[in-house]
Amino acid sequence: MLAPDLVTLPAGEYLMGETPGDKFANDTERPRHWVRVPSFQLGRFPVTVAAYREFRPDWSPAAADEIPVTGVSWREAVAYCEWLGARCGLALRLPSEAEWEYAARAGTDTLYPWNEEPTTAVANYLYAENGARIGPGHPTPAGAYPPNGFGLMDLLGNVAEWASDIWHPDYHGAPADGSARETPARSPQLRVIRGGAWDYLPRLLRPSWRDGHDESRFRDNLGFRIAASPA
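Residues numbered from 1 in each chain as written. Predicted model: local features only at pLDDT ≥ 70, side-chain atom pairs only at ≥ 80, totals over all residues. Heavy atoms only, no water.

Q: Please explain the overall build of the protein chain as it appears in this structure.
A: When helices and strands are tallied, the protein chain shows three helices and ten strands. Reading the helices (α) and strands (β) of the protein chain from amino to carboxyl end gives β-β-β-β-α-α-β-α-β-β-β-β-β. Relative to its length of 231 residues, the protein chain is compact, with a C-alpha radius of gyration of 16 Å against a globular reference of 17 Å. Its C-alpha atoms put the protein chain at 45 × 40 × 35 Å along the principal axes. Of the contacts formed within the protein chain by residues at least 6 apart in sequence, a portion of 70% connects residues at least 24 apart. Of note, the protein chain has its 22 positive side-chain charges centred 2 Å away from the centre of its 30 negative side-chain charges. (Helix = DSSP H or I, 4+ residues; strand = E, 2+ residues; numbered from the N terminus. Rg over C-alpha atoms; globule rule 2.2 N^0.38 Å. Contact = heavy atoms within 4.5 Å. Lys, Arg positive; Asp, Glu negative; His and termini not counted. Charge placed at Lys NZ, Arg CZ, Asp CG, Glu CD.)

This is the structure:
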């Protein structure tokens, strides 16, 4: 069995949401608010095809082992976390979106964690902001790009990632303790997705970017990574 490679992140406080002066921000990223995140563990990489095949041996036979798994619904991602956790003796889960953004920012408070618009040397995305195609046009092996300040890889670009939260179209009433938002919304079957993907523009690789997707459905650019609270 492929044991999870988990990175322990320190507790910290950060401003979640819209970065001041961000011309790409919208109301889904507002209001900006302080969040205190307890220490937690997060997968160094998104879950790969090889790791997911431990759970479902017949999964996507043509897909390369080392790329992040996609085509997995939120419900299937949760089932994988529970299955792997039972075998490892860990309470594995999807990260909250507050944890996810904390991990993606890695101590930065800028539009992008690289302090400038990304290039194809630091993340996998398809188009420049002028519409020119510059990326590879497909998922790349997990860990092919440099790690961030926490030693995590592929949080921005390559594949978007499921978070545990129910989708809400703004941050009014959002928890400030790093926990997932589970209060009912107008569409409780929608769950948060984060991170941007291989077929996106750079503006969707901002740590504050967020969207919602039906928890029972999947996409070919949407995967997930595992999280856990320290024992």
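Q: Got a minute to help me understand the pattern of salt bridges in this structure?
A: Any two side chains of opposite charge can pair, so long as their charged atoms come close to each other. Applying the stated rule across the entire model yields 18 salt bridges. Close ionic contact of Glu215 with Arg75 constitutes a salt bridge, the shortest N to O distance being 3.1 Å. One end of the pair, Glu215, is in the loop between strand E8 (210–214) and strand E9 (222–223); the other, Arg75, is in helix H2 (residues 74–88), with 140 residues separating them in the sequence. For Arg75, a relative accessible area of 47% gives the class partly exposed. One salt bridge in this structure joins Glu129 and Arg203, with 2.7 Å as the shortest N-O distance. (Salt bridge = Lys/Arg side-chain N within 4 Å of Asp/Glu carboxyl O. Buried < 20%, exposed > 50% of the residue type's maximum accessible area, 1.4 Å probe, protein only.)

Q: What is the right way to look at the nonpolar core in this model?
A: Most often, soluble globular proteins have nonpolar side chains that are buried together. Ranked by size, the top nonpolar core spans 52 residues in total, and within it Leu9, Tyr80, Phe224 and Ile226 carry the most contacts. For this core, the element with the most residues is H2, which contributes six residues. (Core = buried A, V, L, I, M, F, W, Y, C linked by side-chain atoms within 4.5 Å.)

Q: So what exactly am I meant to see when it comes to the pairing of strand E4 (residues 40–43) here?
A: Note on strand geometry: in a regular strand, side chains alternate between the two faces of the sheet. Going residue by residue along E4, you find Phe40 and Leu42 tucked away on one face and Gln41 and Gly43 tucked away on the opposite face as well. As judged from the four bridges shared by strand E1 (residues 6–9) and E4, these two strands associate in the antiparallel manner. The residue bridging Thr8 from the neighbouring strand is Gln41, located in E4. In this structure, E4 lies alongside strand E10 (residues 227–228), joined through two bridges in antiparallel fashion. Bridging from a neighbouring strand, Gln41 pairs with Ala228 of E10. (Pairing = 2+ DSSP bridges.)

Q: Is there a simple way to explain the sheet that holds strand E6 (residues 160–166) in this structure?
A: Two strands in a sheet stick together by hydrogen bonds in their backbones, pointing the same way (parallel) or opposite ways (antiparallel). Pairing in this open sheet of four strands is mixed, and the strands run E8-E7-E6-E9 from one edge to the other. If you trace the sheet from one side to the other, it starts and ends with E8 and E9, each paired once. The pairing of strand E7 (residues 190–194) with E8 spans five bridges and is antiparallel. Bridge pairing in E8 links Leu190 to Asp214. Strand contacts of helix H3 (residues 97–105): E6, E7 and E8, with the helix running at about 5° to E7, the strand carrying the most contacts. (Axes fitted to C-alpha atoms, helices over the stretch in contact; angles between N-to-C directions.)

Q: Just checking my understanding: could you explain H3 for this structure?
A: Because each turn of an α-helix spans 3.6 residues, side chains separated by three or four positions in sequence point in the same direction. In terms of burial, H3 is largely enclosed, as nine of its nine residues are buried. Of the residues trailing H3, Ala106 is marked for its positive phi of about 50°.

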